[in-house]
Amino acid sequence: TREWLEFRRVLFRSEIIKDIMSTDEVTNAELARRLDITQATVWDRLNNKKGRKDIPVSLLKTMLSALGYKIVVVPDETPIPEGGYEVGQTDMVG
């Protein structure tokens, strides 16, 4: 939730998608419909199954777009705006 993010601004990619879905009240079924994939596939991608560390950046971009968000790159010292997210540093590869 947004209140929780005030204390923890850095999230992994799948956590960002889950938080947006929760805040915007988008179900797995609805996201699956928007992406033209199965609900099970959405669940697998968001719940770290099949040995993946996290979703790749290309999939993050696709999922964010389906939710009405986009990826923006800013200098390190730039504050994250209200409603924005920062991807965790340990998760930058991929």
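Refer to the structure above for everything that follows.
About the criteria used
Residues numbered from 1 in each chain as written. Predicted model: local features only at pLDDT ≥ 70, side-chain atom pairs only at ≥ 80, totals over all residues. Heavy atoms only, no water. Helix = DSSP H or I, 4+ residues; strand = E, 2+ residues; numbered from the N terminus. Buried < 20%, exposed > 50% of the residue type's maximum accessible area, 1.4 Å probe, protein only. Contact = heavy atoms within 4.5 Å. Areas by Shrake-Rupley, 256 points an atom, 1.4 Å probe, with all protein chains shown as cover. Axes fitted to C-alpha atoms, helices over the stretch in contact; angles between N-to-C directions. Parallel < 35°, antiparallel > 145°, perpendicular 65-115°, else oblique. Nonpolar A, V, L, I, M, F, W, Y, C, P; charged D, E, K, R; others polar. Patch = residues over 30% accessible without salt bridge, like charges linked within 9 Å, V, L, I, M, F, W, Y side chains within 5 Å. Salt bridge = Lys/Arg side-chain N within 4 Å of Asp/Glu carboxyl O.

A. View of the overall build of the protein. Helix and strand content of the protein: five helices and two strands. When the helices and strands of the protein are placed in sequence order, the string is α-β-α-α-α-α-β. Here the protein holds 94 residues, and 30% of them are scored as buried. Pairs at least 24 residues apart make up 65% of the contacts formed inside the protein by residues separated by at least 6 positions. Counting only carbon and sulfur atoms, one obtains 55% of the accessible surface of the protein, whose full area is about 6400 Å².

B. Structural view of the environment of arginine 13. By the element assignment, arginine 13 lies in helix H2 (residues 13-23). By relative accessible area, arginine 13 is classed as buried at 2%. Separated by 47 residues in sequence, arginine 13 and leucine 60 place their C-alpha atoms 6.6 Å apart.

C. Quick look at the environment of alanine 66. Turning to its location among the elements, alanine 66 is positioned in helix H5 (residues 57-66). Along the chain, alanine 66 and glutamate 30 lie 36 residues apart, while their C-alpha atoms are 9.8 Å from each other. Every residue in contact with alanine 66, bar those within four places of it in the chain, is listed here: Leu31, Arg34 and Leu35.

D. The arrangement of the packing of helix H3 (residues 28-35) against H5 in detail. The geometry of H3 relative to H5 is characterised by a closest axis approach of 9 Å and an angle of 105° between their N-to-C directions. Between H3 and H5, the interaxial angle falls into the category roughly perpendicular. Facing Leu31, Arg34 and Leu35 of H3, the residues of H5 in contact are Thr62, Met63 and Ala66. Its residues assigned to classes, the contact of H3 with H5 shows four nonpolar, one polar and one charged.

E. Region of the structure containing a nonpolar patch on the surface. Judged by side-chain polarity, Val57, Ile71 and Val73 come together as a nonpolar surface patch covering roughly 280 Å² of accessible area. Mapped onto the elements of the fold, valine 57 is located in helix H5.

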